[in-house]
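These are the residues of each chain, in order.
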Amino acid sequence: MPRNPLQPQQIRRALVVGILLMGTQAGVARGQQPCPRQAGTEVMAGWKAYRADSLAIAEAHFAAADGLCAHNLDAKTGLGFTALRRNSIARADSIFHAVIAEDERTADAWSGLALTANRKGDSPAAILAARRVIALAPGDSTARSLLDRLDPGWNRKAREPNTRPVRTQLVSRTRGSSFQVHSSAGWSPFYIKGINLGAALPGKYPSEFPTDSALYDRWLRLMAGMNANTVRLYTILPPEFYRALRGWNLAHPASRIWLVHGVWTELPPEHDFDDAGWKSGFREEMARVVDLVHGAADIRPQPGHASGRYDADVSPWTLAYIIGREWEPFAVKAFDEKHPGSGSYRGRYLATVNAPALDRWMAEQCDYLLSREMDRFNAIRPIAYTNWPTLDPLAHPTESTTDEEASWRRKLGQPANLTREYDNDATGLDPNLVHPTAANPAGWFASYHAYPYYPDFLLNDPGYNRARSSEGRSNYFGYLASLKRHHARIPLVIAEYGVPSSRGTAHLQPQGFDHGGHDEREMARIDARLTREIRESGAAGGILFAWLDEWFKKNWVVIDFEIPLDNTRLWHNVMDAEQNYGILGQYAGRAEETPRLGGDPSRWKAPGPIYRASSPQNRQPGSLAISHDASYIYLAVTLTGNAGRPFSWDSAGLMIAIDTYLPDEGQHSLPRSLVTSDLGFEFLIDLRGPRDGEIRVLPEYNPYGGPPDSTRDDAGMFYHRPITITDHHDGAFDSMYVGTNRARFGRDGQFFPASGMNRGRLRFGTDSASTLSDWYYDEQAQLLEVRLPWALLNVSDPSTGTLLYEKTRSDVIGTAAARDFHFGVLTYLKGPEPRALGALPALINGRWSASSFLPWTWSHWDTPEFHERLKPVYNAMKKTWADTVAPRTGQ
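First, a word on scope: everything that follows refers to the structure included in this document. (Residues numbered from 1 in each chain as written. Predicted model: local features only at pLDDT ≥ 70, side-chain atom pairs only at ≥ 80, totals over all residues. Heavy atoms only, no water.)

**Describing the pattern of salt bridges**
Scanning the model with the defined rule gives 43 salt bridges in all. Here Lys-553 makes a salt bridge to Glu-550, at a shortest N to O gap of 3.2 Å. Like Lys-553, the residue Glu-550 is buried in the burial classification. (Salt bridge = Lys/Arg side-chain N within 4 Å of Asp/Glu carboxyl O. Buried < 20%, exposed > 50% of the residue type's maximum accessible area, 1.4 Å probe, protein only.)

Below, the structure written as structure tokens:
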């Protein structure tokens, strides 16, 4: 279980020998007799287990102490904190109140109440309880940290009125198409080697930021160690981040980390960017960002936002601002149409000439932020707004709008019911239309989120298809070069780029720079190459996405099947590309316990067998063990060949039939009538050898459409509806083909066919050979190891045991609560007339009886266990960035 940075004062106190409760009055309600010595020993053992995250053991020790001495308040407090860690908020709250009723001077119980109130979102109650803690234990760090976030300025004098510096702070600027930074030696060229920092750890919402300065300090140290010089934030983080950044930069001037800060917002109501309330909120957020950068902000708590007293001045290392987000094209188009024609904006620091409405609006908002910083702090720095290829100012003839494509389809008699998608070349925003005024010494730049695999014009444009970088053919480099030619006079920053190390693939790209489907070494190779091509294109730098794997993220190809959507943060969907971009990987389970393909066999066998053959013969399965974590189900089958030798895949294969729902329904016959079964199966794993393994699905339970019909245009219908289970006796299972790139027409009528891949193909190998390996046969241990992503079994949320299922026809994909799973293992002789060799459970007259199957289910969770590890991309980027020098001044 992840460590809890909020350790109760009791843990530290219990480690002091003088309060072991060995016959003393410590930890006992006033007026009660001392507790027996054993109670103190149990409490001490409980806190030791608590600190080691062994919550069940801790609870047992605290309960034992409570049983030995009913008025032992330390034991009750331990039970309260254990309940809190297990997210049993009501129980924890009840226990802490009971302790305080016995002795209102118990600081630890007040601390527990402060934390439970905070978890419940009751900030006033949390503040009151935390203040009581401080009154009883002034040095309590947990209460102080909580008050810093919930009640900024609680223990400090009011801020002195801001005195605007006389001298203008200018620490960075643009010159030509590059950045420069200032130091005691003067101005020097600066090339951005950056990392995007989202800080949502597994199990957390994107707004539940860590509040541990030591954690941020460790991350910054690792970033500096990989030769990054910049970190980018999308939104405001807690004060602890800025304190850590200031502390790092003061202590390590030779490897300082510059900050590029964002200002986040959602879309305005009805796409009206001039909506008074929304626009005011956006500008208030700009003001908060400016103030906190200078260590002069007190931000009150509000849902979805960081808060606290921001007292760390990081302005000396703030390189630039990038405001806003990737705007949807339909919103930009709607606003421009509401305000037709071109016009000009003339601000203090930025201006436009002959620009559409939203281009003028973006310049106005950037000018507002610059004015705010200059008026209050006499400081200015470069600024840009977030843009992306969908809104770039270039023309892309292969990318038709929805209306244009529908017109071509009607002309050619093709279906016009297109998959929902943005109009990726219908409108745009052009940073070239904005320029600094004479009063602006800091400058202006263009910022794009640009990945190699989307939109499709990057893949289809004939010019991009012919483009080559120094490393070979590259559509991505072709696009970057075109973008840089357009923005020749200002710096171009690629503020997001990269590929994910997910098992699932969401979009294919001609050079294999796909949206997912990369093992971690391949991810490292591609990210390093993209980084070099960004530099070669003439850009002013790149900011790699992203520092962490963030489990809450969602991707179009799987989002409809992650139900409830709010729970994606609780499990790691390795089929979801968006969850797997991290440099610092976040992996399910405990590092010391997680089964690894080709690793320690005991980890696979640890749960104990669900089946064990009484006397397995040659080429027959001997036992089956099953385990799970927040990413996978793990299957372990003991398997021997002839005369006790390793299993030979030349002559024999193995199937695992899986029933996940409605045992009376499903497929009752395995392919080629190898076995019939009273129990129906939804999935079938067929392992025919190291180069031939696949998992298939009951046809009507397949959430995706199959391969496109080569005789006609596939209009891009990716999904099957409804998802059901019915009876079958024909041995038929579907491939798990998923469409990734829909068929489309260009503006001139050129047809681009659909493409996709079979996500059910199973890769043989060890973890060390590839992080995308799905199965392995350990010849020495004679153990077959299979790991299955939850999503491949149509589990829509393993944390609550929820499956995809919709009994009635509907436009909405439904779910059902998981019941028992059943697994059947079969070895078979390959050849023109295959036959069964052995099975678990045992066959009766060549048939599986439903009564022979043992059920398997899994425990649910509300707090995922996870561990972290740096991926190979860390060292690849370290080397790449070490070789990247800043451009010449003025380049």
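**Structural notes on the sheet that holds strand β3 (residues 186–190)**
Overall, antiparallel pairing links the three strands, which are arranged β1-β2-β3 in an open sheet. Only two strands of the sheet have a single neighbouring strand rather than two, namely β1 (172–175) and β3. Strand-to-strand, the axes of this sheet are offset by a mean angle of 35°, without reference to chain direction. Note that strand β2 (residues 178–183) and β3 share five bridges and pair antiparallel. Residue pairing across strands places Phe-179 opposite Phe-190, the latter belonging to β3. (Pairing = 2+ DSSP bridges. Helix = DSSP H or I, 4+ residues; strand = E, 2+ residues; numbered from the N terminus. Axes fitted to C-alpha atoms, helices over the stretch in contact; angles between N-to-C directions.)

**Here we look at the packing of helix α12 (residues 329–338) against helix α13 (residues 357–377)**
Where α12 contacts α13, the axes come no closer than 8 Å and their chain directions differ by 100°. It follows that α12 is roughly perpendicular to α13 by the angle criterion. Residues Val-332, Phe-335 and Asp-336 of α12 form the contact with α13, whose participating residues are Ala-357, Leu-358 and Trp-361. Looking at side-chain class alone, the contact of α12 with α13 contains five nonpolar, no polar and one charged residues. (Parallel < 35°, antiparallel > 145°, perpendicular 65-115°, else oblique. Contact = heavy atoms within 4.5 Å. Nonpolar A, V, L, I, M, F, W, Y, C, P; charged D, E, K, R; others polar.)

**Some words on the environment of Asp-692**
By secondary structure assignment, the location of Asp-692 is in strand β29 (residues 692–697). In this structure Asp-692 comes out as partly exposed when scored by relative accessible area, which is 26%. Considering only alpha carbons, one finds Asp-692 and Ala-506, 186 residues apart in sequence, at a separation of 23 Å. Residues within four places of Asp-692 in sequence aside, it is in contact with Asp-686, Leu-687 and Arg-761. In terms of polar contacts, Asp-692 uses its side chain to reach the side chain of Arg-688, at 2.7 Å. (Polar contact = N/O pair within 3.5 Å; in protein donor to acceptor, adjacent residues only side chain to side chain.)

**Here we look at the pairing of strand β35 (residues 775–778)**
Of the pairings in the sheet, the one linking β35 to strand β36 (residues 783–789) comprises four bridges and is antiparallel in character. Residue pairing for β36: Tyr-776 is matched across the bridge by Glu-785. Hairpin connection, β35 to β36: the antiparallel pair is bridged by four residues, and Gln-782 has positive phi, about 50°.

**A word on the sheet that holds strand β22 (residues 609–612)**
Pairing is antiparallel across the open sheet formed by five strands, whose spatial order is β22-β23-β24-β36-β35. Each edge of the open sheet carries a strand with a single partner, namely β22 and β35. Neighbour to neighbour, the strand axes of the sheet diverge by 15° on average, direction disregarded. Bridging between β22 and strand β23 (residues 621–628) involves three bridges; their strand directions are antiparallel. What sits directly across from Arg-612, in β23, is Ser-623.

**Remarks on the pairing of strand β27 (residues 676–681)**
Here strand β26 (residues 666–669) runs beside β27; their pairing, made up of two bridges, is antiparallel. Note on β27: the bridge partner recorded for Ser-669 is Thr-676. The turn linking β26 back onto β27 is made up of six residues, and Arg-672 within it adopts a positive phi angle of 60°. With two bridges connecting them, β27 and strand β42 (residues 847–848) associate as parallel partners. Each residue of the ladder has a partner; that of Thr-676, found in β42, is Arg-847.

**Quick notes on the packing of aromatic side chains**
According to the stated counting rule, one finds 49 aromatic pairs in the structure shown. Between the aromatic rings of Phe-823 and Trp-856, the centroid separation amounts to 6.0 Å while the plane-to-plane angle is 75°, which identifies the pairing as edge-to-face. You can see Phe-823 sitting in strand β40 (residues 822–829) and its partner Trp-856 sitting in the loop between β42 and β43 (866–870), a full 33 residues away along the chain. When its relative accessible area of 9% is taken as the criterion, Trp-856 is described as buried. Positioned above the aromatic ring of Tyr-205 is the side chain of Arg-569, whose terminal nitrogen or guanidinium carbon lies 3.9 Å from the ring centre. In this structure, Arg-787 packs its charged tip against the face of Tyr-632, placed 5.0 Å from the ring centre. (Phe/Tyr/Trp six-rings, centres within 6.5 Å; stacked < 30°, edge-to-face > 60°. Lys NZ or Arg CZ within 6 Å of the ring centre and 35° of its normal.)

**Here we look at helix α2 (residues 37–51)**
Three or four residues apart is the spacing at which side chains of an α-helix point the same way, because the helix has 3.6 residues per turn. Taking 1.5 Å per residue, 15 residues should reach 21 Å; α2 reaches 22 Å between its end C-alpha atoms and fits that length. Among the residues trailing α2, Asp-53 stands out with phi positive, at a value near 65°. (Expected span 1.5 Å × (residues − 1).)

**Brief notes about the side chain of Asn-475**
For Asn-475, the location among the structural elements is in helix α17 (residues 475–486). Residues in contact with Asn-475, not counting those within four places in the same chain, are Leu-458, Leu-459, Tyr-464, Asn-465, Gln-509, Pro-510 and Gln-511.

**Notes on helix α14 (residues 402–411)**
For α14, the set of buried residues is Glu-405, Ala-406 and Arg-409. Along the axis of α14, the buried residues cluster in a sector spanning 100°; they form a single face. The exposed residues of α14 that point more than 90 degrees off its buried face are Asp-403, Arg-410 and Lys-411. Taken together, the buried residues of α14 touch β32 (744–745). Two residues or fewer past α14, Gly-413 is found with a positive phi of approximately 70°. (Arc of directions from axis to C-beta.)

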